[in-house]
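# Working through the structure, step by step
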Amino acid sequence: MSRKLPFIGLLGILLLVSCKGDEDTSFLESYLGPASIAYDIDLVHSDSTVIKINLKAKKQLEFQNGDNEFPEGIEIFFYDEDGALTTTIRADRGFYIKKDDIYRGEGDVQVENFEKQQKLSSEELFWNPTRKKIYTEKFVTIQDPQRLIKGTGMEADESFSEYEIYSVIDSRTIIPGEGN
């Protein structure tokens with residue numbers, strides 16, 4: 001009988017420890033922060049050794065779903081078939097939404113087409129690399145050497161060579177020698 005007593009005692013302790021109730025885990029939250037952080041991003045897309053697009057950012061946050069955030073700004077440079085810089089997009093803050101394959105810039109967003117000497121400014125702009133389009137529903141200001149156009153909503157090709165403003169609010173000719 002003395003041999004059974006330690007065994008029964010051990011069995012009783014195991015039953016007490018294993019009989020805990022279900023734990024309440026409702027207070028635990030899933031981690032929604034970035035899966036990785038990278039600095040000094042310099043991504044290049046080339047075709048036959050000719051650079052077509054160059055994306056630069058000081059900081060990139062990548063999330064589990066493939067989305068990216070560029071909290072310290074983003075710059076995108078577009079090049080022609082000869083490798084000459086044609087257009088730039090700059091934004092105070094940038095985002096990449098993977099499921100839609102869309103980049104979004106916000107804050108002070110600037111687009112410049114060097115060939116046509118056109119500049120665009122807005123508070124938000126989207127770039128769809130698949131459709132090769134940039135667009136916004138927000139207020140835009142477009143300036144070239146001859147005119148200044150203000151409006152709401154715009155779509156353009158990614159080089160900002162051809163564009164359409166949905167609702168023109170103001171348009172005027174720039175007088176030679178007039179400051180920007």
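Refer to the structure printed above.
Read on for a plain summary of the structure. (Residues numbered from 1 in each chain as written. Predicted model: local features only at pLDDT ≥ 70, side-chain atom pairs only at ≥ 80, totals over all residues. Heavy atoms only, no water.)

### Here we look at the overall build of the protein
- Counting secondary structure elements, the protein contains one helix and 11 strands.
- Within the protein, buried positions represent 33% of all 180 residues.
- For the protein, contacts bridging at least 24 residues in sequence account for 35% of all contacts bridging at least 6. (Helix = DSSP H or I, 4+ residues; strand = E, 2+ residues; numbered from the N terminus. Buried < 20%, exposed > 50% of the residue type's maximum accessible area, 1.4 Å probe, protein only. Contact = heavy atoms within 4.5 Å.)

### Re the pairing of strand β9 (residues 133-143)
- Pairing geometry for strand β8 (residues 118-128) and β9, over seven bridges, is antiparallel. Within β9, the residue paired with Leu-120 across the bridge is Ile-142.
- Sheet topology note: the β9/strand β10 (residues 147-157) ladder contains nine bridges and is antiparallel. Within β10, the residue paired with Val-140 across the bridge is Gly-151.
- Connecting β9 to the next strand, β10, in antiparallel fashion are three residues. (Pairing = 2+ DSSP bridges.)

### A word on the nonpolar core
- Ranked by internal contacts, the top residues of the largest apolar core, which has 25 residues, are Ile-76, Leu-120, Leu-125, Ile-134 and Met-154.
- At the level of elements, β2 (50-62), β4 (74-79), β5 (85-91), β7 (102-113), β8, β9 and β10 are the ones that each hand at least two residues to this core.
- Leu-120 has contacts with Val-109, Gln-110, Val-111, Leu-125, Val-140, Thr-141, Ile-142, Met-154 and Phe-160, leaving out every residue within four places of it along the chain. (Core = buried A, V, L, I, M, F, W, Y, C linked by side-chain atoms within 4.5 Å.)

### What about the side chain of Asn-128?
- Structurally, the position occupied by Asn-128 is in strand β8.
- For Asn-128, a relative accessible area of 9% gives the class buried.
- Within the structure, Asn-128 has its side chain in polar contact with the backbone nitrogen of Arg-131 (distance 2.9 Å). (Polar contact = N/O pair within 3.5 Å; in protein donor to acceptor, adjacent residues only side chain to side chain.)

### Some thoughts on the pattern of salt bridges
- In the structure shown here, the tally under the stated rule is 11 salt bridges.
- We note a salt bridge from Lys-99 to Asp-100, for which the minimum N-O separation is 3.4 Å.
- Judged by relative accessible area, Asp-100 falls into the partly exposed class, the value being 43%. (Salt bridge = Lys/Arg side-chain N within 4 Å of Asp/Glu carboxyl O.)

### With respect to the packing of aromatic side chains
- Applying the stated criterion across every chain yields a total of five aromatic pairs.
- Arranged with centres 5.3 Å apart and planes meeting at 85°, the rings of Phe-78 and Trp-127 form a pair that is edge-to-face. Of this pair, Phe-78 sits in strand β4 while Trp-127 is found in strand β8, placing the two residues 49 residues apart along the sequence.
- Residue classification places Phe-78 among the buried residues on the basis of a relative accessible area of 4%.
- Aromatic pair Phe-126 and Tyr-135: ring centres 5.4 Å apart, planes at 15°, arrangement stacked.
- With a relative accessible area of 21%, Tyr-135 lands in the partly exposed category.
- Linked through ring pairs, Phe-78, Tyr-96, Tyr-103 and Trp-127 together constitute an aromatic cluster. (Phe/Tyr/Trp six-rings, centres within 6.5 Å; stacked < 30°, edge-to-face > 60°.)

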